[in-house]
Structure formats: structure tokens, C-alpha cells
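# Inside the fold
The chain contents come next:
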Number of protein chains: 2
Amino acid sequence: MKEPVKDRFTVTYRLFCREGEAEVMAEALCIEQTIEFPLQYVRKENIGREVIGRVESLRKAGRRCYDAVISFLDETAGPDFPQFLNVLFGNSSLKPGIRVERIDLSPHMLGFFKGPRFGIDGLRKRCGAYDRPLLCTAIKPLGLPARELAHRAYRFAYGGIDIIKDDHGLSNQVFAPFKERASRCAEAIHKANARTGGAAIYAPNITSGCDELFERAVFAKRVGAGAFLISPGLAGYDAVKRIASSDDLDLPLIYHPAFQGSFVTNGMSGISPAVLFGELPRLAGSDAAIFPNFGGRFTFSKASCGGVRDGCVRDMTGIRKIFPVPGGGMGLSSLDMMKDFYGTDVAFLIGGDLFAHGNDIVSTCRMFREIVMSV
Amino acid sequence: MKEPVKDRFTVTYRLFCREGEAEVMAEALCIEQTIEFPLQYVRKENIGREVIGRVESLRKAGRRCYDAVISFLDETAGPDFPQFLNVLFGNSSLKPGIRVERIDLSPHMLGFFKGPRFGIDGLRKRCGAYDRPLLCTAIKPLGLPARELAHRAYRFAYGGIDIIKDDHGLSNQVFAPFKERASRCAEAIHKANARTGGAAIYAPNITSGCDELFERAVFAKRVGAGAFLISPGLAGYDAVKRIASSDDLDLPLIYHPAFQGSFVTNGMSGISPAVLFGELPRLAGSDAAIFPNFGGRFTFSKASCGGVRDGCVRDMTGIRKIFPVPGGGMGLSSLDMMKDFYGTDVAFLIGGDLFAHGNDIVSTCRMFREIVMSV
């Protein structure tokens, strides 16, 4: 047996409980997430105490809530991303009143999870867009044939959108099969770029089972896609990590939160928006993270969205910053408010609303761009 | 373009809302889960109305809650399991007050998702255990060397446990690397079987990233494992589906709920225990599903657990029934109550409590077996 490395990473859990219960709850968490075994039956000579989670600090964070910083031995969790998630919140997700608030990896652990390949700087370079927010939209709806989706993609690119992604519901359906859609949309966007001198990129949705996901990625890159869209809630985080570290599939990755909402719909358990939409996609290797903005179709607060932004850009030694991509029912009229809130390092995702300002989508995209570029 | 098949599957969503809001909420769900696009901008000539979800019925289910049965065109979701989950609850998971209650697939869709290879009958045959509940335990704790874990496995098998699984936190850590652990534990259990004439099976945890998961499965089968443990919340459901339909990896699959608790910790949104711990693992191809029993370390109600049992065994044309495996802090003293509640088609999972009745684990396992077999 190799000598285990003694570095530890820490997770901050918010515990929602009554005065006096927090300590017991934190200690239970240390065991539940590691040995999951009654402490009294652990024969001391056989396993090192360091294998068990350790409460590093515990402080009151508000009325009936406490923040417990718990450290775990790196070797219990890394380098396997699924196992890291298991130590983070495997069984404890099943207990109410526990919310993952923040992750701080050791330098050793950051060596396992290298994060995004591009990050904010790299993605800006790809899009040729510096010192301003990026513009993002989605090709939809499901049901349109690939030819028509590609026509929309062309107009978006011609109007000045930077990142044109598949709607996350476009998979490989008969209406617009993946290969045909990816080929046509990539070609349409390259054609628009050739006319505008722009650098719009197409991000097809490669979310699928593991083999299929990689086949789609290889195909999409070959036909000229500029990024990949992945929903790790459906495909698993490991797919993100593997593509981010693949030598061949060296395109930016955009995270989509599909099937992960239940982590954040109950403020008193689950995973904080900052971690779910910021830190986790970032650690796994996404370069941009889509999440529901405040004031849209979803019900997220400004505080939650500020948390996501921080999770995307706060210092994480050696891990690149990524774009927060607020969306979910946003429109041109929301942009001024969003610019004030998010600043420059953000990508604004507007979908259906681009169709709400008359039939000339190119003009609407140009309005989108003008509003974003105006000071 | 091929002519799309017109079969539809239905999902029952429980909507938590005020009188008069349910209809609007149900209609919004139909759009959110499919075209995700403002209906007024959908050009009627281009996409068929059948692509959009359709409210089949809506009825009051209690105070401030309504059950909406919504149908979706099979072709929007299958045969890709991740995309099926996306149509089921992709974006709507991000909205509070929506809970997935039940899934009813069309025969066409059931052709895509064939479910478990073994099911209750097949797993009974493997274990040589008919007309009684199965006995299940976990090898742990994390931190023990493989040799000692194997010694525990031997004693469990010798004492009469049917299914001996890795703790879900045992991955490929330095303490007991996967290959060494799988080899030693499988060997130990075969040795015990040779002495007892029994048919205990070993279920190593193969949860990991996709490639690694399959490598582990292949290796484990070769060294004599009798089943596989997978947490699809970590590895993705597609891994379960692929193993369940693989010609070579023809062993029973045991589902573990790690990292999925947030779907069920808030009763007013997420996924019902019946679907999360029953229908989904079953459709994906698991033969047994572990979930937290009432009265243990977790906080599940009897009603929830009854729901899980129903999700595991209710009629789903052509899809085999699977074992519910209640666990999570259960002990010998809970067995009579559990027998009353679950009947015969169940596997009882007892972990740490097998160490709470003296040092002779073999005797404790025999007590476990006697209690289960007594009428």
C-alpha cells in the first residue's frame, strides 16, 4: 500500500438546525461522507483517524443556521470526479438541512481537477471579444428541421451574437438529427463570419450517453463547431472533465443546468447556486456556466446570482475563471440591469425574446449587441 | 426526414400552487420541457403541435396541489436515456412546486428502455433464495486494507448474507485499490460459498467515470463478482442502461442513491421517492434499488417507502420487477417491522448494526438470517 498523501480539501456546509444541534450534525456529516460506520466499532489500529472527515470550524451563520468547515483527506476523493462528488454530498444529500456552500481544494487536489482549458480569457480570444460582455443565444425550437435551425444560426451570427448554442433539448431527434444539424449550423455560422469578419462560434449540444457524447464531440469538431454544450446532470460530470482534458477535443465547454434544479429549489438543503452553477462546473472543466437569472422565468434571487458570479470568478489557485451565463427568460429590456449587476465578465443569454422585436432577427441581434456595447 | 412515430409517454407531475394557477403551470411545463420557446413565435407550418407536451388530465390531489398528467411524443425523448431525463425534468427541475410523481411509457418507448436483465426472479435464482426476503450488507469502512475487507466479506458470506456489496464510498482509493479489493473479496466469498454450499454474491462498486466504470466491470466479472453497484447520480444513468444491455457484462445491477437526495428532501418539488428510487433505476436497468428506510438515520416516511416499493414492483408492461432494498441505519431490531411492511419481495440492507451484537460477526449474520426466515 502506498503511503497516503496527507493533504486535505475543505467543504463548507450550512447546517440548518436548532441551537446546540450543529456540533452533532457536523460530526455525523464527517462520518456519513467517509467511513459511514459507527465510530465505536472502528478498530483504531486498522484505519487512520485522518480518513474520517474533520470539523475545522463551526460558526453561527444566521438564525438557526451554522457554517461547518469540514476537511477531507484528498485520497478519499480524488482523482475520480464522481468519487469527489460522493465525498462532497453523496449520502448527506439524503438528509434535510444540509447545504453545500463552498469548496476549497488543496493544491494537490487542484492537480487532479485542472479546471477549464480556456476560461474567460481563452473564450474571449476565440470570440475576438475583449472588454465587453459576450452575447449568447440558443437555436430552437425542437421540432424545426436542421435546415431551418441553420438558417436561424446564420442570422444570429450575422447579427453579431458571439456564442450560438443548441437549445439543450436538441439531441438527436428525427426532426433535426445531430449530425445534420451540427454540420449545417456550423457551416451557416462560418458563412456568416466570412461575411462579417466576425468570430461567432457554434456550440452543439453533445449531452448523451458516454460513447455517443464523445462521438458527437469528435464529429462536431470536425465539421467546424466552436464549443460544446453539456448538461452534466444528464451526462455526468466526468464527461466534462474528460473533454476538458482531451488532447483532441480542445474546444470550450458550456455547462447547462438541466436536471439539476432540485439541488437549489429548497434553500435549506442541497447545493448553493454558487457551488452548483459556479464552482462545480468550473472544477470539472466548463468555460462558461448557464444558470437562471433573477427576474426571469425562474425564481432565483439577486443574492443567488451574485453567488454564482463569485463561484465563477473568485480566486481558486490555478483554476481559470469562467463566464457566468445568466439566462432563462431574459430579454433586451433586462440588459441594462444585468450589465449593472454582472459587469463585463459575463455572457448574456437571450433566447425567445430575440423573436419578440419584429421579424428581422438580424436587426434584433444588432440591437442586442448595441445595448451590450454601450456604456 | 423519417416520419416520426406518434406514440406518446406520460408523466404525472404534482403541482403545488394556488387554486386557478394549476392550468397555467401545466401548460408552461408542456413548453418548458419541449420547445422552450414562446408559443406565439412558433410558426405553425414548421413544427407539428405534437412535438409540444400535452396536458392529458388535471385534477386536484389535495390542498393546494394538483396532479397534471402530461404526455410527450416518444421521439422527443428516446432512445437516449439522458435525453429522456431531460424531457422528464430538465428545466422544470429549476422551478419550485413541481414534483415528478409517476412515469408511464408507451410500448414503443419500453422498447428503448428494456429495464433490468434479471429483476426479482433472476436475482433470486442467482442467490438461490426463493420465498423469502434477501439479506444484504456492505463491506466497510473506507480506510481498511483490501485484505481485511475481504476477511469481513468472507464472514458475511459464511454467516448467510446473500448480497455483499462494497460500501458506496469504496472507490479506488490507496487504502484498498479497486482491483485488489474486488479480487480478494470475490475470492473470499467464493471460498465461503464452497464451505456453506451457499450462493452469496459480491457486488463491487464500479461507480466512476465512464471508461473506468466499464474497465472495473470487466475486471470484476473476470475475478468472480456476482453483481455491480452503481450510483447513477455520480456516474450517469446511461452507464446503468449500457451495462444492463451489454452482452458481456451480464450481472445484476444494484442502484445506490448517492448524490441524488436533493430530489427528495423537499416534498414540494423534485422527484417522488417512488420514481427516484423505484421507477427510474428500474427503467434504466437496475435489478435492486437501495434507498433510505423510514425510522433510520434518514428521515423518510412510511408513505414514501411504500411508494418506492410500488415503483419497484408495480406493473410496467414488459419491464421486470426489481427488489426494493431499504437501508440507512437499519438493525436486527427493525426486521420484524420491515417484514410486516415490505413482505417477501425485498432485500434488507443492514450495515454497521452487524457489528453491534458482539465480536462474532458470523453469529450475528446467522441471527439476521433466522429473523428474516422466521414467519
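Predicted model, so just to flag it, every value in this text is computed and none were measured.

## Overview of the relation of the copies chain A and chain B
By a simple turn and slide, chain A fits onto chain B: the slide is 0.0 Å along the axis, the RMSD is 0.0 Å, and the turn is 180°. Each copy turns onto its partner about a two-fold axis. Nearest to the rotation axis, the C-alpha of A:Gly236 is located 2.4 Å from it, this being the minimum over chain A. A shared binding surface is used by both copies, with 100% of the interface residues of chain A retained as interface residues in chain B.

## Remarks on the packing of helix 11 (residues 273-284) of chain A against helix 12 (residues 302-313) of chain A
Residue and element names in this part refer to chain A. The N-to-C vectors of helix 11 and helix 12 enclose an angle of 20°; their axes lie 7 Å apart at closest approach. In this view, helix 11 runs roughly parallel relative to helix 12, as classed from their interaxial angle. Crossing hand, helix 11 versus helix 12: right-handed. The residues of helix 12 that touch helix 11, namely those facing Pro-273, Ala-274, Phe-277, Gly-278, Glu-279 and Arg-282, are Ser-304, Gly-307, Val-308, Gly-311, Cys-312 and Val-313. Broken down by class, the residue content of the contact of helix 11 with helix 12 amounts to six nonpolar, four polar and two charged.

## What to know about the interface of chain A and chain B
On the chain B side, the residues contacting the 77 residues of chain A number 77 residues. Applying the counting rule to chain A against chain B returns six salt bridges. Between B:Lys140 and A:Glu36 there is a salt bridge, and its shortest N-O distance comes to 3.7 Å. For the pair chain A and chain B, the interface holds 26 residue pairs in polar contact (both at pLDDT 80 or more).

## Here's the deal with the sheet that holds strand 6 (residues 163-166) of chain B
All names here are of chain B. What the four strands build is an open sheet, ordered 7-6-5-13; its pairing is parallel. The outermost strands of the open sheet, each flanked by one partner alone, are strand 7 (201-203) and strand 13 (347-349). In this sheet, adjacent strand axes meet at a mean angle of 25° when their direction is disregarded. Across three bridges, strand 6 lies against strand 7 in parallel orientation. Within strand 7, the position partnered with Ile-164 by the bridge is Tyr-202.

## Describing helix 11 of chain A
Residues and elements named next belong to chain A. Counted at 1.5 Å a residue, the expected span for helix 11 with its 12 residues is 16 Å, and the 16 Å between its end C-alpha atoms agrees. Counting buried positions along helix 11 gives 12 out of 12 residues, so the element sits mostly inside the fold. The set of residues buried in helix 11 consists of Pro-273, Ala-274, Val-275, Leu-276, Phe-277, Gly-278, Glu-279, Leu-280, Pro-281, Arg-282, Leu-283 and Ala-284.

## Thoughts on the pattern of salt bridges
Tallying each qualifying case throughout the model produces 37 salt bridges over all chains. Close ionic contact of B:Arg54 with B:Glu56 constitutes a salt bridge, the shortest N to O distance being 3.0 Å. Overlapping salt bridges bring together A:Arg102, A:Asp104, A:Glu279 and A:Arg314 as one network.

## Structural notes on the pairing of strand 1 (residues 8-16) of chain B
Residue and element names in this part refer to chain B. Of all nine residues in strand 1, eight are buried, a share of seventy percent or more. Alignment of strand 1 against strand 3 (residues 65-73), held across nine bridges, turns out to be antiparallel. In the strand pairing of strand 3, Leu-15 is matched with Tyr-66. Pairing of strand 1 with strand 4 (residues 98-104), which is carried by six bridges, proceeds in the antiparallel orientation. For Thr-12, the partnering residue across the bridge sits in strand 4 and is Arg-102.

## Digging into the packing of aromatic side chains
Residue and element names in this part refer to chain B. A full pass over the atoms with the stated rule returns 35 aromatic pairs over all chains. With a centroid separation of 5.8 Å and 10° between ring planes, the pair formed by Tyr-154 and Tyr-158 is classed as stacked. Of the two residues, Tyr-154 and Tyr-158 are both situated in helix 6 (residues 146-159); the distance of four residues between them amounts to about one turn of the helix. Since its relative accessible area comes to 16%, Tyr-154 is described here as buried.

## Comments concerning the environment of B:Leu94
Here B:Leu94 lies in the loop between helix 3 (81-89) and strand 4. Apart from the residues within four sequence positions on either side, B:Leu94 is in contact with A:Pro257, A:Gly261, A:Val264, A:Thr265, A:Phe277, A:Pro292, A:Phe298 and A:Phe300.

## Focus on unusual backbone geometry
Following A:Lys140, the chain continues to A:Pro141 via a peptide bond in cis, the omega torsion being 5°. Relative to the helices and strands, A:Pro141 resides in the loop between strand 5 (134-139) and helix 6 (146-158). The residue after B:Gly78, namely B:Pro79, is reached through a cis peptide bond having omega 5°. Topologically, B:Pro79 is positioned in the loop between helix 2 (74-77) and helix 3. In this structure, A:Asp131 is a non-glycine residue whose phi angle is positive, near 60°. Here A:Asp131 is to be found in the loop between helix 5 (119-127) and strand 5.

The rules behind these values
Residues numbered from 1 in each chain as written. Chains lettered and ligands numbered in written order. Predicted model: local features only at pLDDT ≥ 70, side-chain atom pairs only at ≥ 80, totals over all residues. Heavy atoms only, no water. Least-squares fit on C-alpha atoms with pLDDT ≥ 70 in both. Contact = heavy atoms within 4.5 Å. Axes fitted to C-alpha atoms, helices over the stretch in contact; angles between N-to-C directions. Helix = DSSP H or I, 4+ residues; strand = E, 2+ residues; numbered from the N terminus. Parallel < 35°, antiparallel > 145°, perpendicular 65-115°, else oblique. Left-handed = near helix turned anticlockwise from the far one by under 90°. Nonpolar A, V, L, I, M, F, W, Y, C, P; charged D, E, K, R; others polar. Salt bridge = Lys/Arg side-chain N within 4 Å of Asp/Glu carboxyl O. Polar contact = N/O pair within 3.5 Å; in protein donor to acceptor, adjacent residues only side chain to side chain. Pairing = 2+ DSSP bridges. Expected span 1.5 Å × (residues − 1). Buried < 20%, exposed > 50% of the residue type's maximum accessible area, 1.4 Å probe, protein only. Phe/Tyr/Trp six-rings, centres within 6.5 Å; stacked < 30°, edge-to-face > 60°.

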